[in-house]
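Structural overview for review
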Amino acid sequence: MAYDKFHMLTSSVVPMPIENVDTDQIIPARFLKAVERKGFGDNLFRDWRYNRDGSPKADFVLNNPLYKGKILAGGKNFGCGSSREHAAWSVYDYGFRCVVSSFFADIFKNNCMNIGVLPVTVTPEFLDQIFSEIEKNPETELTVDLPNQEITLNATGQKESFDISDYKKNNLLNGYDDIDYLNAMKSDIEEFASSRPF
Amino acid sequence: MSAALTLFDKVWDAHVVKSIENGPDILFIDRHFIHEVTSPVAFLNMEKRGMHVMYPNRTFATADHNTPTINQHLPVEDELSATQLKALESNSAKNGISHWGLGHKKNGIVHVVGPENGITLPAMTIVCGDSHTSTHGAFGAIAFGIGTSEVEMVLTSQCIMQNKPKKMRIEINGTLSDAVLPKDVILYVISKISASGGTGHFVEYAGEVFENMSMEGRMTVCNMSIEMGARGGMVAPDSKAINYLEGREFAPKGDDWNELVTYWQTLKTDEGAEYDTVHVFDAADIEPMITYGTNPGLGIGISKQIPDPTDVLDGKASYEKSLDYMGFGVGQNMIGKHVDYVFMGSCTNGRIEDFRQFAKIVKGKKKADNVTAWLVPGSRQVEAKIKEEGIMDILTTAGFELRQPGCSACLAMNDDKIPEGKYAVSTSNRNFEGRQGPGARTMLASPLVAAAAAVTGKITDPRELLN
Ligand code: SF4
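Residues numbered from 1 in each chain as written. Chains lettered and ligands numbered in written order. Predicted model: local features only at pLDDT ≥ 70, side-chain atom pairs only at ≥ 80, totals over all residues. Heavy atoms only, no water.

**Topic: the domain arrangement of chain B**
Where interface size is quoted, it is often the accessible area lost as the parts come together. All names here are of chain B. Each assigned domain of chain B is listed with its residue range as follows: domain 1 (15-162), domain 2 (166-243 + 259-285) and domain 3 (289-466). With centres defined by C-alpha atoms, the gap from domain 1 to domain 3 works out at 28 Å. Where domain 1 abuts domain 3, roughly 2000 Å² becomes buried across the two surfaces, and 52% of that area is made up of carbon and sulfur atoms. On inspection of domain 1 and its partner domain 3, the count reaches zero salt bridges. Sort the elements by how many residues they give to the side of domain 1 that touches domain 3 and helix α4 (residues 110-116) lands first, with four residues. For the side of domain 1 that touches domain 3, a count of residues per class yields six nonpolar, 16 polar and four charged. (Domains from an automatic or database assignment. Buried area = accessible area lost by both parts, 1.4 Å probe. Salt bridge = Lys/Arg side-chain N within 4 Å of Asp/Glu carboxyl O. Helix = DSSP H or I, 4+ residues; strand = E, 2+ residues; numbered from the N terminus. Nonpolar A, V, L, I, M, F, W, Y, C, P; charged D, E, K, R; others polar.)

Structure (structure tokens):
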């Protein structure tokens, strides 16, 4: 579905310096019962964010007013586990437009790009640097420049370039999705299908 | 002479409709499975775009993720689950997709019913909005999990966009010891390369251990490829795969079948073909396994102690958080740990062969009083076999009940939730925090280890009970 275009983003960052943040933490299975894409942001990190009685857990980063922003920074192997796109939806619906990590699980990364969240893979050293700057100053900002494929830690001026295929980059810059592209290829696909042995 | 190719290359390349320059491949999908949880939004979006399903006969629907495992003949009580099940049924009916709903004799977990009915075939591309779609790789198919946007792509165009993953070979030679099951093999591999060790890769499993493994066993192994971060895993199709499929309802028949068999027999990795990553292990090093942490890479041989943070591949902070959640400490023995629940089932270990193993241990013994056991067959056909083969009698005599098929406590979307703080030995595939219910503590293991826990009420080495 159509999503907001992504170009440049400068924002403070919500830090989550934990490895292997899995999709069951991002959105627990019991919140997957909707037949519409609505309200997933409310249940983002549900069990880390709220007590069983629904009261917020004061020590969780999303409940700490010091940390806010449109960028989420997570430890290595972020988004591992299930293929549920609901995980990416909750990240988007909560208000994040970009997730930064030193390593993403494949399906989560694809899901993000398909719905307009930019996953940025940085080196482990750069990620550590981001976390330590945020520790010093929670208002630390990152600038993510998609056209130039660069991410900058504004406080220090440190920069890294990141990878993204030209195709996906073009989609995100213009708010296109794969279905538009595939739809234009119908006749090629039909021809291909007719040659399948099963 | 053309370049040497891997099995994965051969199947992948045969499905590329077009390669986008500096972008993904457009990959044709032979079979698409859908279930009630990840498909409704895809249908909704498809309708909003005014599009329709391009090849309804290439998609198959089954209800499994949030279905109750008792009283399936009654209306589903949970309103939200009932709405999702209805949506699957009506979306399938509207679009001409075959639908095996609750109570249908072919109903069951999507990755169990696909192979069971011969829908899964070697050399296919197979996708489903569930990451354990990798299961179907046991037959030499390229099978992997996709998100809901991709479900919509497959519905509307029978294709998805994917970058070709890197190739990994996992080779294990030698003979497995007594009581070491395919589940132990895959838990061992993940513990060696970590929960992210396969990211970006597609795995080919090779070597004597996999050659000698049954189809059910290969499915268990391929199923958990995703738990090391790999997109999927596959085993070259051999006579075992072909014999398993021959004559099943949806498998081609007659000359069509024979032609396919000839083609499938050519599907092997060429001599000299290259992989991006290779791991070689020795079967003799593998013992029955159990996990002690909150990702599937945190597993050890059942006789071992919980390792020091310096000996695991995870970072110290995550490791400590994980042990803290489990209520375990470094250096502790796993043997003897208290168990409250046993879950036997899921697309990892919910097949007939798994129940045969479970029965081997519980035969002539009694369920421990402190254990609540949920035994959930992977499909209606598995359920029928359990009864036919007399396994049901063994289970009942030992004080166990059999529930009705579904995903159940594997992801705890229905009522089968492990209560907060309780310890469960589970034959499923994920031990993430809260996976089996908020606060639940999961230890992943094989059907033999699960059975040993169920009759002794604690973690017990199954080898002691088999001799
Ligand atoms: S049993 Fe578990 S892993 Fe398998 S399809 Fe169901 S939810 Fe997914």
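More follows now that the structure is in view.
**Topic: the packing of aromatic side chains**
All names here are of chain B. Summed over the entire model, instances satisfying the criterion amount to 22 aromatic pairs over all chains. The aromatic ring of Tyr 55 is capped on one face by Arg 58, whose charged end is 5.8 Å from the ring centroid. The aromatic ring of Tyr 244 is capped on one face by Arg 248, whose charged end is 3.9 Å from the ring centroid. (Phe/Tyr/Trp six-rings, centres within 6.5 Å; stacked < 30°, edge-to-face > 60°. Lys NZ or Arg CZ within 6 Å of the ring centre and 35° of its normal.)

**Notes on the environment of Phe 281 of chain B**
Residues and elements named next belong to chain B. Relative to the elements of secondary structure, Phe 281 occurs in strand β12 (residues 277-282). Counting along the chain gives 89 residues from Phe 281 to Lys 192, while the straight-line C-alpha distance between them is 9.5 Å. Those residues within four positions of Phe 281 in sequence are excluded, and the remaining contacts are Ile 170, Glu 171, Ile 172, Asn 173, Tyr 188, Val 189, Lys 192 and Ile 193. (Contact = heavy atoms within 4.5 Å.)

**A few points about the site of the ligand**
Residues and elements named next belong to chain B. Taken together, the residues surrounding the ligand are His 65, Ile 109, His 111, Asp 130, His 132, Ser 346, Cys 347, Cys 407, Cys 410, Leu 411, Asn 429 and Arg 435. If you map the ligand onto the pockets, it falls in the largest cavity. Split by domain, the residues of the shell around the ligand number at least three in each of domain 1 (15-162) and domain 3 (289-466). (Near = heavy atom within 4 Å. 1 Å grid on protein atoms, 1.4 Å probe; cavity = no way out; pocket = protein on both sides within 12 Å on 5 of 7 lines; lining within 4 Å. Sits in = over half its atoms within 2 Å of the grid points.)

**A word on the layout of surface pockets**
Approximately 820 Å³ is the volume attributed to the largest pocket. Around the largest pocket sit 29 residues that line it, and Asp 106, Lys 109, Asn 110 and Met 113 of chain A together with Asn 163 of chain B are the ones nearest its centre. Of all elements in the fold, only α4 (106-115) and β4 (118-121) of chain A together with β8 (159-162) of chain B reach the threshold of two or more residues within the lining of the largest pocket. Its residues assigned to classes, the lining of the largest pocket shows eleven nonpolar, eleven polar and seven charged. Summarising the domain contributions, the lining of the largest pocket has at least three residues from each of domain 1 (15-162) and domain 2 (166-243 + 259-285) of chain B. Approximately 510 Å³ is the volume attributed to the second largest pocket. For the second largest pocket, the lining is made up of 22 residues, of which Asp 47, Trp 48 and Lys 57 of chain A together with Tyr 325 and Glu 433 of chain B are closest to its centre. Counting only elements with at least two residues in the lining of the second largest pocket, the list comes to β1 (8-16) and α2 (46-49) of chain A together with α11 (316-326) of chain B. Per-element accounting of the lining of the second largest pocket gives the leading share, three residues, to α11 of chain B. (Points joined across faces, edges and corners; volume = space filled by probe spheres on them.)

**Observations concerning the interface of chain B and chain A**
Each partner contributes residues to the interface: chain B has 78 residues there, and chain A has 57 residues. In total, about 5500 Å² of surface goes out of reach between chain B and chain A, with carbon and sulfur atoms giving 61% of it. Broken down residue by residue, the surface that chain B buries against chain A is led by Arg 49, Met 161 and Phe 432 of chain B, which jointly contribute 10%. Counting every contact that joins chain B to chain A gives six salt bridges. Seen at the junction of chain B and chain A, the total is 28 residue pairs in polar contact (both at pLDDT 80 or more). Secondary structure elements with two or more residues in the side of chain B that touches chain A: β1 (16-19), β2 (25-28), α2 (40-48), α3 (79-95), α5 (148-157), β8, α10 (254-264) and α11 of chain B. Here the side of chain B that touches chain A is composed, by residue class, of 33 nonpolar, 27 polar and 18 charged. (Polar contact = N/O pair within 3.5 Å; in protein donor to acceptor, adjacent residues only side chain to side chain.)

**A few points about the environment of Arg 463 of chain B**
Residues and elements named next belong to chain B. Looking at where Arg 463 falls in the secondary structure, it is placed in helix α17 (residues 462-466). As for Arg 463 and Asp 178, which are separated by 285 residues in sequence, their C-alpha atoms are 7.4 Å apart. Residues within four places of Arg 463 in sequence aside, it is in contact with Asp 178, Ala 179, Glu 287, Pro 288 and Ile 302. A distance of 2.8 Å separates the side chain of Arg 463 from the side chain of Asp 461, its partner in a polar contact.

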